[in-house]
Amino acid sequence: MENTRNPNLFIVGAPKCGTTSMYDYLKHHQEIFMSERKELHFFGTDLYAPHFVRDTEKYLSYFKNAGDKKRIGEGSTWYLYSKLAANEIKNYYPNTKIIIMLRNPVDMMYSLHNQRLYNGNEDIADFEAALEAEEDRKKGVRLPKNPYLIEGLYYREVAKFAQQVRRYIDAFGKENVRIIIFDDFKVNTAKVFKETLRFLDVTTDFDYQLRTSNPNKRARSQFMRNILNNPPQTALQFVKKFIPQSIRHALREKVVRLNTISESRPPMNPKLRSRLQTEFKPEIEELSKLLGRDLTDWCKNE
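These figures come from a predicted structure and were not determined experimentally. Residue numbers here run from 1 along each chain, matching the order of that chain's written sequence. At least 70 in pLDDT is required for a residue's local features to be given in this predicted model, at least 80 for side-chain atom pairs to be given and counted, and no such filter applies to totals for whole chains, interfaces and linings, which use all residues. Note that the side-chain values use all heavy atoms of the structure and ignore hydrogens as well as water.

As a further point, take the sheet that holds strand β4 (residues 97-102). Here a strand pair is declared whenever DSSP counts at least two bridges between the two strands. The helix count covers DSSP runs of H or I at least four residues long, the strand count covers runs of E at least two residues long, and both are numbered beginning at the N terminus. Spatially, the five strands line up as an open sheet ordered β2-β3-β1-β4-β5, and their pairing is parallel. The open sheet is flanked by β2 (32-34) and β5 (177-181), the only strands paired with a single partner. Each neighbouring strand pair of the sheet contributes to a mean axis angle of 20°, computed without reference to strand direction. Taken together, the three bridges between strand β1 (residues 9-11) and strand β3 (residues 71-75) define a ladder with parallel strand orientation. Across the sheet, residue Phe 10 finds its bridge partner in β3, namely Glu 74. Fitting a line to C-alpha atoms yields each axis, with helices limited to the stretch in contact; the angle taken between N-to-C directions then spans 0 to 180 degrees.

Here it is in structure tokens:
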């Protein structure tokens, strides 16, 4: 596509680890252009969801206004989980920078489960029961209606960070991969962000209010959420026929906002938390060795 520059920065995940905030901060930086939409998922062809952008011309159109910005990027949180995305990105854009954001896998799973409940992509409200359903879901049973990205229901698989991170280090080299721990990002956002700007070789002279994006959310009405996600076909055809697309989108966004409550989720059951911490201890020890940083506090009870 004419007048379109190629991306050289990718936020690849993981989900529920601060990527939305990082994307927002970078988007406001004077030397960085971030795609006009997050979660494009052009790469990672082993995964599929209907809204993933797989057409090359359409994908590049999201960068058409990049101008002369030094860094051009996008953020798609399932690139990290994908077994193919790292090498696919490398094949297209070998000289790029990768940002990976990680969190205690137990907390990430719990938060991801809540996000999927809110989005209508999970129908088992109890977290422990959803974990127990994983093996059945891998066999194609006990699935919610029209779930966005079925693999997102495999919570334990999503949380196996060591092997996922290793794919990017192997593909791009450690010097081109920045690992950010969510705990650090939350405690000292400005410091971590400034270090990220240095990694990207852009100015650290940046004046923008660093605020939290994508907080924990709950739908006020499950019925309304289900109608928005799976509208009756007759109603959908009527709306498409008589209401312009731009108005439809604006109305939908307004209804979603009105139907959303931002609130803290109740703490996880202590016994379940302790069991998961024990289960993930080998994974966390492997990740600690890979990163050269002791993360085993994640295995300890708070």
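Paired rings are identified among Phe, Tyr and Trp, the last through its six-membered ring, by centres lying within 6.5 Å, and are further divided according to the angle between planes into stacked (under 30 degrees), edge-to-face (over 60) and tilted (the rest). Counted under the stated rule, the structure contains 20 aromatic pairs. The interplanar angle of 80° and the centroid separation of 5.6 Å between the aromatic rings of Tyr 25 and Phe 193 together place this pair among those described as edge-to-face. One end of the pair, Tyr 25, is in helix α1 (residues 19-27); the other, Phe 193, is in helix α10 (residues 189-199), with 168 residues separating them in the sequence. Both residues of the pair, Tyr 25 and Phe 193, count as buried. With centroids separated by 4.4 Å and ring planes inclined at 15°, the aromatic side chains of Phe 42 and Tyr 59 adopt a geometry described as stacked. Of this pair, Phe 42 sits in the loop between β2 and α2 (56-61) while Tyr 59 is found in helix α2, placing the two residues 17 residues apart along the sequence. Within the aromatic cluster, the residues linked to one another by ring pairs are Phe 10, Phe 42, Phe 43, Tyr 59, Phe 63, Tyr 79, Tyr 92 and Tyr 93. Residue placement shows Lys 83 over the ring face of Tyr 81; its charged tip is 5.9 Å from the ring centre. Throughout this description, the term charge over a ring refers to an Arg CZ or Lys NZ atom that lies within 6 Å of the ring centre and within 35 degrees of the ring normal. Across the ring face of Tyr 154, the terminal group of Lys 138 is positioned such that the distance to the ring centre comes to 5.8 Å. Using a 1.4 Å probe on the protein chains alone, a residue whose accessible area is under 20% of its type maximum counts as buried, one over 50% counts as exposed, and one in between counts as partly exposed.

Oppositely charged side chains can pair when the atoms bearing their charge come close. A carboxyl oxygen of Asp or Glu within 4 Å of a side-chain nitrogen of Lys or Arg is what we treat as a salt bridge. With the rule as written, the count across this model stands at 18 salt bridges. Lys 70 serves as the salt-bridge partner of Asp 201, at 3.4 Å between the closest nitrogen and oxygen. Of the two residues, Asp 201 sits in the loop between α10 and β6 (217-219) while Lys 70 sits in the loop between α2 and β3, which places them 131 residues apart along the sequence. Arg 273 is the salt-bridge partner of Asp 107, the closest N and O atoms lying 2.8 Å from each other. Taken together, the positions of Asp 107 in helix α4 (residues 105-119) and Arg 273 in helix α14 (residues 270-279) put the pair 166 residues apart, joining distant regions of the chain. Through salt bridges with shared partners, one network takes in Glu 135, Lys 138, Glu 157 and Lys 160.

Further remarks concern α14. Side chains three or four residues apart in an α-helix point the same way, a direct result of the helix having 3.6 residues per turn. All buried positions along α14 are accounted for by Leu 272, Arg 273, Leu 276 and Gln 277. For α14, the arc enclosing every buried residue in end-on projection is 135°, short of the 170-degree limit, so these residues lie on one face. Of the residues in α14, the exposed ones pointing more than 90 degrees away from the buried face are Pro 270, Lys 271 and Thr 278. Two residues form a contact once any of their heavy atoms are found within 4.5 Å. At its buried positions, α14 is contacted by α4, α5 (127-132), α7 (155-158) and α15 (281-291). Looking at where α14 begins, the residue whose side-chain oxygen comes 2.9 Å from the main-chain nitrogen of Lys 271 is Asn 269. Throughout, the arc means the angular range of directions from the helix axis out to the C-beta atoms. Polar contact criterion, stated in full: a pair of N or O atoms within 3.5 Å, where within protein one must be able to donate a hydrogen and the other to accept it, and residues adjacent in sequence count only if both atoms are side-chain atoms.

What follows concerns the packing of helix α8 (residues 161-172) against α15. Between α8 and α15, the shortest axis-to-axis distance is 8 Å and the interhelical angle comes to 25°. Relative to α15, the element α8 is oriented roughly parallel. On α15, the residues that touch Phe 161, Ala 162, Val 165, Arg 166 and Ile 169 of α8 are Glu 283, Glu 286, Leu 287, Leu 290 and Leu 291. Taken together, the residues of the contact of α8 with α15 sort by class into seven nonpolar, no polar and three charged. Here is the rule for angles: anything less than 35 degrees is roughly parallel, anything more than 145 is roughly antiparallel, 65 through 115 is roughly perpendicular, and the remaining ranges are oblique. Under the scheme applied here, ten amino acids are nonpolar (Ala, Val, Leu, Ile, Met, Phe, Trp, Tyr, Cys and Pro), four are charged (Asp, Glu, Lys and Arg), and all others, including Gly, are polar.

Buried residues of nine kinds, namely Ala, Val, Leu, Ile, Met, Phe, Trp, Tyr and Cys, make up a nonpolar core once their side-chain atoms join them within 4.5 Å. One finds Leu 26, Tyr 59 and Tyr 168 to be the most contacted residues of the largest nonpolar core, which totals 84 residues. At seven residues, the largest contribution of residues to this core is made by α8. Other than its neighbours up to four places away in sequence, Tyr 168 contacts Val 12, Tyr 79, Leu 80, Ala 85, Ala 86, Ile 89, Ile 98, Ile 100, Gly 173 and Val 177.

Burial within β4 is extensive, with six of its six residues counted as buried. Inspection of the sheet shows β4 paired to β5 by five bridges, in the parallel sense. Looking at β5, one finds that Ile 98 is bridged to Val 177.

What follows is about the side chain of Ser 288. Topologically, Ser 288 is positioned in helix α15. When sequence neighbours within four positions are dropped, the list of residues in contact with Ser 288 reads Arg 293, Asp 294, Leu 295 and Thr 296.

Before going further, it helps to spend a moment on the packing of α1 against α10. Two elements in contact, α1 and α10, have axes separated by 12 Å at closest approach and are oriented at 60°. Here α1 is positioned oblique relative to α10, judged by the angle of their axes. Handedness of the α1/α10 crossing: right-handed. The segment α1 lies against α10, with Met 22, Tyr 25 and Leu 26 engaging Thr 189, Phe 193, Thr 196 and Leu 197. Of the residues belonging to the contact of α1 with α10, the class tally is five nonpolar, two polar and no charged. Helix crossings get a hand from a simple test, with the near helix turned counterclockwise from the far one by less than a right angle marking a left-handed crossing and a clockwise turn marking a right-handed one.

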